[in-house]
Amino acid sequence: MRESILTIPVNEVFEPKEGCPICRMRDTVEEHISEYIMGAAMMEPDVREETNKLGFCLVHYPMLAKQGNRLSLALTLNTHLASVRERVFETKNIFASKSKRADKIEHTCFVCSKVDWGVNHMLKTVFVLFEKDRKFKELFKEQEYYCLPHYHLLAAKSEQMNKHARAEFIKALDEVVAGYAKQLNLNVSEFCDSFDYRNAGKLHSPEMEHVRTSPQKAVQFLTGRNIL
């Protein structure tokens, strides 16, 4: 299948064959959106209207802070706080009791909404490539793993594929994820066993790197985030 503006970014995140490619896809979109929000978009009225309403989540506030533009972040926080105050505490509604104020607080995030849109758009290309490009199909099967959140996402979104192609896609996906989960479980089990006095010092040998890092990799596999 000939490369295009749609296929190039997808092929790029699959080429490393390390970790979860959909995590790399998400990370790329997240970084782009974070730079955009803390840059020129901060002064765009339509964008500010959305950020005032949606705010950001616990995952994306630190990403915005890492952009190094404290003034942009503070200005965004200032108008978001004003929006929260107006919607939750200052709107007069004679039919709503004070106990209902908490119901107006929604856990939303501007970056999450844009990332979800971007990733879902790119997944459409993943499914087309799997159906029509033999080389990409092999590349898909050669991935180290797909994290559980993205395993679920891929399985759910693949409903848009035709029946035969989807069956092949799910089989390939299951084989990659099940194989990795089994090996990871063995590595974590070996990590636990290494604390037995009979295995003293074994964990620190160079060939045990995959065991030493297995708890971190397990969390990343289960959550889709490198948080340890």
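This part covers unusual backbone geometry. Here the phi dihedral of lysine 17 falls at roughly 55 degrees; this positive angle occurs in a residue that is not glycine. Residue placement: lysine 17 occurs in the loop between helix H1 (7-14) and helix H2 (21-37).

Between its terminal C-alpha atoms helix H6 (residues 110-132) stretches 34 Å, which fits the 33 Å expected from 23 residues at 1.5 Å a residue. All of the buried residues along H6 are Phe110, Val111, Val115, Gly118, Val119, Met122, Leu123, Thr125, Val126, Phe127, Leu129 and Phe130.

Let's shift gears to the nonpolar core. Membership of the largest hydrophobic core comes to 47 residues, with the highest contact counts inside it found for Phe14, Ile22, Met25, Phe136, Phe140 and Tyr146. Counting residues per element, this core draws most heavily on H6, at 10 residues. Other than its neighbours up to four places away in sequence, tyrosine 146 contacts Phe14, Cys20, Pro21, Ile22, Phe140, Tyr151, Leu154, Leu173, Val176, Val177 and Phe221.

Before going further, it helps to spend a moment on helix H11 (residues 214-223). Residues Ser214, Ala218 and Phe221 constitute the buried set of H11. Projected down its long axis, H11 shows its buried positions confined to an angular sector of 65 degrees, all on one face. Among the structural elements, helix H8 (148-157), helix H9 (163-193) and helix H10 (209-212) are those in contact with the buried residues of H11. Within two residues after H11, glycine 224 carries a phi angle of roughly 80 degrees, on the positive side.

Here we take up the pattern of salt bridges. According to the stated counting rule, one finds 9 salt bridges in the structure shown. With its nearest N and O atoms 2.6 Å apart, the salt bridge here joins arginine 225 to glutamate 30. In this pair, arginine 225 is assigned in the segment after H11 and glutamate 30 in helix H2, connecting sequence segments 195 residues apart. In this structure, arginine 212 engages glutamate 209 in a salt bridge whose closest nitrogen and oxygen atoms are separated by 2.7 Å. Linking arginine 212 with glutamate 209, this pair stays in helix H10, spanning 3 residues, or about one helical turn.

Here we take up the packing of aromatic side chains. Going through the model one piece at a time under the given rule, you end up with 13 aromatic pairs. Taking 6.4 Å as the distance between ring centres and 75 degrees as the angle between the ring planes, the aromatic pair formed by phenylalanine 56 and phenylalanine 110 counts as edge-to-face. Of this pair, phenylalanine 56 sits in the loop between helix H3 (45-54) and helix H4 (60-65) while phenylalanine 110 sits in helix H6, and the two are 54 residues apart along the sequence. This pair shows no difference in class: phenylalanine 56 is buried, exactly as phenylalanine 110 is. Plain terms: the ring middles of tyrosine 145 and tyrosine 180 are 4.2 Å apart, the flat faces sit at 25 degrees to each other, and that makes the pair stacked. Remark: tyrosine 180 occurs in helix H9 and tyrosine 145 occurs in the loop between helix H7 (134-141) and H8; sequence separation between them is 35 residues. Assessed through its relative accessible area of 4%, tyrosine 145 is described here as buried. Three or more aromatic residues link up through ring pairs in this structure, and these residues are Phe14, Phe127, Phe130, Phe136, Phe140, Tyr146 and Phe169. Its guanidinium or amino end placed over the ring of phenylalanine 130, lysine 137 lies 5.4 Å from that ring's centre, counting from NZ or CZ.

Rules of the game
- Sequence positions are assigned chain by chain, starting from 1 and proceeding in written order.
- In view of the model being predicted, local features appear only for residues whose pLDDT reaches at least 70, and side-chain atom pairs are presented and counted only at 80 or more, with totals across whole chains, interfaces and linings using the full set of residues.
- To obtain the side-chain values, all non-hydrogen atoms of the structure were included, while hydrogens and water were left out.
- Under the DSSP-based scheme used, a helix requires at least four consecutive residues in state H or I and a strand at least two consecutive residues in state E, with every element numbered from the N terminus.
- Take the number of residues in a helix, subtract one, and multiply by 1.5 Å to get its expected span.
- Throughout, exposure labels follow a simple rule: accessible area from a 1.4 Å probe, protein chains only, divided by the maximum for the residue type, with under 20% read as buried, over 50% as exposed, and the rest as partly exposed.
- The term nonpolar core refers to a set of buried residues drawn from Ala, Val, Leu, Ile, Met, Phe, Trp, Tyr and Cys, joined through side-chain atoms within 4.5 Å.
- Whether two residues are in contact is decided by their heavy atoms: any pair within 4.5 Å suffices.
- Our arc is simply the arc of the directions from the helix axis toward the C-beta atoms.
- For salt bridges, the criterion is a side-chain nitrogen of Lys or Arg within 4 Å of an Asp or Glu carboxyl oxygen.
- Here a pair means two rings of Phe, Tyr or Trp (six-membered ring of Trp) with centres within 6.5 Å. Their orientation is stacked below 30 degrees between planes, edge-to-face above 60, and tilted elsewhere.
- A ring is scored as having a charge over it whenever the NZ atom of a lysine or the CZ atom of an arginine sits within 6 Å of its centre and within 35 degrees of its normal.

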